[in-house]
Amino acid sequence: MESIAGDENSAGISGISVPENGGDGHRYRRRMSREHRRRLHRRRVIKRIAIVVGLILAVLIALGMWFGVSAMKVRNEVAQAMSAATAMKSALTNADQKAFSSGSERFSDHAGRAYRETSSVLWSVAEKTPYYGRDVSVVRAAVTAMENMSSQVISPIDDAAGAVMMTDASFSGGTIRLPDLDKYADSLDLASQALHTTIRSLDEEPTAHVSQIASAVSKAKSYMTTVSGILDNATAFATVAPSMLTTTGGTRTYLLLAQTNSELRASGGLPGSWGIVTISNGKVELQGFTAEGGLPWLDEPVVELTSEEKSLFTDKLGRMPQDVNLTPDFSRTGTIARAMWKKTHNVEVDGVIAIDPVFLQNMLAVTGGVKLDDGTVLDGSTTAKYLLSDVYAAKDTSEQDRYFSEAAAAAFQHIITSSSKPRDFLKAASTSVAGGHVLVWSAHEDEQNVLEDTDISGTLETRQSNPQVGVYFSDGTQSKMDWYLRRRVRTAFQKTAANGVLQYTVTITLTNMMTTSQIATTPQYVLGDQKEGVTPGDINTAMYVYAPAGGRLVDWSMSDGKGFDIVSVHDGLTVGGRSITLKPGESMKIVVHVQSSPGIVTPLTLRQTPQIPGRTD
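Calculation rules
Residues numbered from 1 in each chain as written. Predicted model: local features only at pLDDT ≥ 70, side-chain atom pairs only at ≥ 80, totals over all residues. Heavy atoms only, no water. Core = buried A, V, L, I, M, F, W, Y, C linked by side-chain atoms within 4.5 Å. Buried < 20%, exposed > 50% of the residue type's maximum accessible area, 1.4 Å probe, protein only. Helix = DSSP H or I, 4+ residues; strand = E, 2+ residues; numbered from the N terminus. Contact = heavy atoms within 4.5 Å. Pairing = 2+ DSSP bridges. Axes fitted to C-alpha atoms, helices over the stretch in contact; angles between N-to-C directions. Expected span 1.5 Å × (residues − 1). Bend = angle between axes of the 7 residues up to and from the residue. Parallel < 35°, antiparallel > 145°, perpendicular 65-115°, else oblique. Left-handed = near helix turned anticlockwise from the far one by under 90°. Nonpolar A, V, L, I, M, F, W, Y, C, P; charged D, E, K, R; others polar. 1 Å grid on protein atoms, 1.4 Å probe; cavity = no way out; pocket = protein on both sides within 12 Å on 5 of 7 lines; lining within 4 Å. Points joined across faces, edges and corners; volume = space filled by probe spheres on them. Salt bridge = Lys/Arg side-chain N within 4 Å of Asp/Glu carboxyl O.

Undergrad: Any chance you could explain the nonpolar core here in plain terms?
TA: When a protein is soluble and globular, its nonpolar side chains tend to lie buried together. Core analysis: the largest hydrophobic core is formed by 121 residues, its most contacted members being Phe107, Met149, Met224, Ile508, Met543 and Ile590. At 13 residues, the largest contribution of residues to this core is made by helix α5 (residues 133-164). Dropping the residues within four chain positions of it, Ile508 is found in contact with Val471, Phe473, Arg488, Val489, Met543, Val545, Met588, Lys589 and Ile590. One finds Leu326, Phe330, Tyr544 and Leu573 within the second-largest nonpolar core, a separate group that totals 32 residues.

Okay, structure coming up:
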């Protein structure tokens, strides 16, 4: 027995199986080595890890698919919202209240759905993923901006649409009625502020990695910026129109400057005629025009000019009626013109309004044409060309100033006494404002403070948060040659400088369209005074390029190999100026690089001397 036990032990050690429980059955237990047990343990651990990893991958795949479906929903909702937004913008431009209400309802519906989708925990988690989390964050910010616009901006516009779009207004027999317009001013102002805040929040977002997302966000910002401009104008209109147009009672007197764009000035053209308009309880009456030649040249400026103004524009800015708008700052022009009229006519006006033949043409397209005493018809397609070019061939030089005044008076009188749909007037006026063809300055400080934030004020943009480059021109030869000046001004983003400042390229192309064969048949009055270096048929003009507030002119190149004659400062803005002469048929290209203020990401805007339709590339 002892030997057998020893055998068993030996057999056990040597790996021979023995019956369990001492029996003679066939079930045996193999004793595993430590290494074998470790391998089995590792296998079990790996299997468990694989199961866990598999579960995690399955969850991630499911979440990814879920997020993909959610992202598709958001994309579709945003696309629908932007389609509605486009319709709203068109409705605002065309003063179509019904179309705006329909578009705003669709926009709010789709923007709300997109916002609810992107507000889920899933999007919050996705926002924290490496690299593409930034794109998710940008999408969420854009959708939030749309929701803010829906909840804080659209409703006040919709409520005030009848008043702002003038569907509730009337304009008949020279009398304007704007019922209930003033009661919407505060709500529109709050909506305007909310939209500006929303746009700034989007500007602060980084650029998305995915180009489609970056493009969509850029389009959204562009749309919001457009609506913001319209809303700003509507807010200002609702705030100041009742008092300025005296629809709530009272009488106002305004000085009206009729500009001649064929002899350029920075804010438009030479003020060829000066007239007085009175408005009493909404009734507009023209008191008549005086030709610029009938106003005296003064020995001293009527206001104290700054050293900057005298350096850039000379003291003629404050002494000579035809030069009060040499400055591109129309608020300054208004102040000077008012003081000049007070000194020469002893009448103190409540404000100054500048119009030009393009404005008259836009308005006559609504009212229908007007027939002048000599049988000439000015209408919605002929007015600008006739008053800026044809009249100089049709009339003797001695009659031209008087005739221009009479024509401008007849056209304006026809406009203010015609009865047309107020929203058609509004659309035509809005087009003129956008092109710089009508400008308004109020002598009442509270009104002017409101107007300054709108295009109709024609003021220099001195806020760093709203970067704007200015390109302005003034005739240098007392001619009417600017009818032949073809001008193209373009701006484009160039790069982000090493210090993070945004840099832009401003390209200006000027062409003298007069041919040498036209010189002999062109009146001397049109050709102008030939100062040194200027011969008949030449266009001589002063050009001013203003850098954005807080920014600078980086560098410049001009096709004639020259540069600016002067680099100065005007109202805190860096400005480069030079005199340019173009021979008949000659062109010149100017390229200027400008930078906005450090830390400002708001896109650059352009303001320039108003263009004449058909005289641009």
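Undergrad: What exactly am I supposed to notice about the sheet that holds strand β13 (residues 539-546) here?
TA: Strands belonging to one sheet form pairs held by backbone hydrogen bonds; the direction of such a pair is parallel or antiparallel. Taken together, the 5 strands give an open sheet; going across it, the order is β15-β16-β13-β10-β18, and neighbouring strands pair in mixed fashion. For this open sheet the edge positions go to β15 (566-570) and β18 (605-608), each flanked by a neighbour on one side alone. For this sheet, the mean angle separating the axes of adjacent strands, direction not counted, is 25°. For β15 and strand β16 (residues 573-582), the ladder comprises 5 bridges, and the chain directions are antiparallel. Bridge pairing in β16 places His570 opposite Leu573.

Undergrad: Please explain helix α7 (residues 211-244) as it appears in this structure.
TA: The periodicity of an α-helix, 3.6 residues per turn, causes residues three or four places apart in sequence to face the same way. Between its terminal C-alpha atoms α7 stretches 48 Å, which fits the 50 Å expected from 34 residues at 1.5 Å a residue. The largest bend in α7 amounts to roughly 35° and is located at Ala238, with the proline Pro242 lying one to four residues further along. In the stretch just after α7, Thr246 is the one whose phi turns positive, near 55°.

Undergrad: Would you take a moment to explain the packing of helix α3 (residues 97-118) against α5 for this structure?
TA: Helix-helix packing is characterised by the crossing angle of the two axes and by the distance between the axes. Following both chains from N to C, one finds α3 and α5 inclined at 155°, their axes separated by 9 Å at the closest point. Between α3 and α5, the angle falls in the class roughly antiparallel. When the axes of α3 and α5 are compared, the crossing they make is left-handed. For the pair α3 and α5, contact is made by Gln97, Phe100, Ser101, Ser104, Phe107, Ser108, Ala111, Gly112, Ala114, Tyr115 and Thr118 and by Arg140, Val143, Thr144, Met146, Glu147, Met149, Ser150, Ile154, Ile157, Asp158, Ala161 and Gly162, respectively. Split by residue class, the contact of α3 with α5 holds 11 nonpolar, 9 polar and 3 charged.

Undergrad: Please explain empty space enclosed by the protein as it appears in this structure.
TA: To locate leftover empty space, one rolls a probe as large as a water molecule over the atoms. According to the stated counting rule, one finds 2 cavities of 30 Å³ or more in the structure shown. Lining of the largest cavity is provided by Asn261, Leu264, Asp482, Leu485, Arg487, Pro610, Gln611, Ile612 and Arg615. Among the secondary structure elements, those contributing two or more residues to the lining of the largest cavity are β3 (251-265) and β11 (485-496). For the lining of the largest cavity, the residue count by class is 4 nonpolar, 2 polar and 3 charged. In this structure, the second largest cavity spans a volume of roughly 50 Å³. Contributing to the lining of the second largest cavity are Leu460, Glu461, Gln468, Val469, Gly470, Tyr472, Tyr546, Ala547 and Leu573.

Undergrad: What is the right way to look at the pattern of salt bridges in this model?
TA: Between side chains of opposite charge, a pair can form when the charged atoms approach closely. For the coordinates displayed, the defined rule picks out 17 salt bridges. Between Arg332 and Glu309 there is a salt bridge, with its nearest N and O atoms 2.7 Å apart. Of this pair, Arg332 sits in helix α10 (residues 330-345) while Glu309 sits in helix α8 (residues 307-313), and the two are 23 residues apart along the sequence. Under the relative-accessibility criterion, Arg332 is labelled buried at 18%. According to the relative accessible area criterion, Glu309 is buried, its value standing at 4%. When the shortest N-O distance is used, the salt bridge between Asp453 and Arg463 registers 3.3 Å. Placement of Asp453 in the loop between α15 (445-451) and β10 (468-475) and of Arg463 in the loop between α15 and β10 is noted, with a sequence separation of 10 residues between them. Note on Asp453: relative accessible area 45%, which makes it partly exposed. Look at Arg463 and you get partly exposed, because its relative accessible area is 35%. One connected set of salt bridges, linked through shared partners, spans Glu263, Arg265, Asp323 and Lys480.

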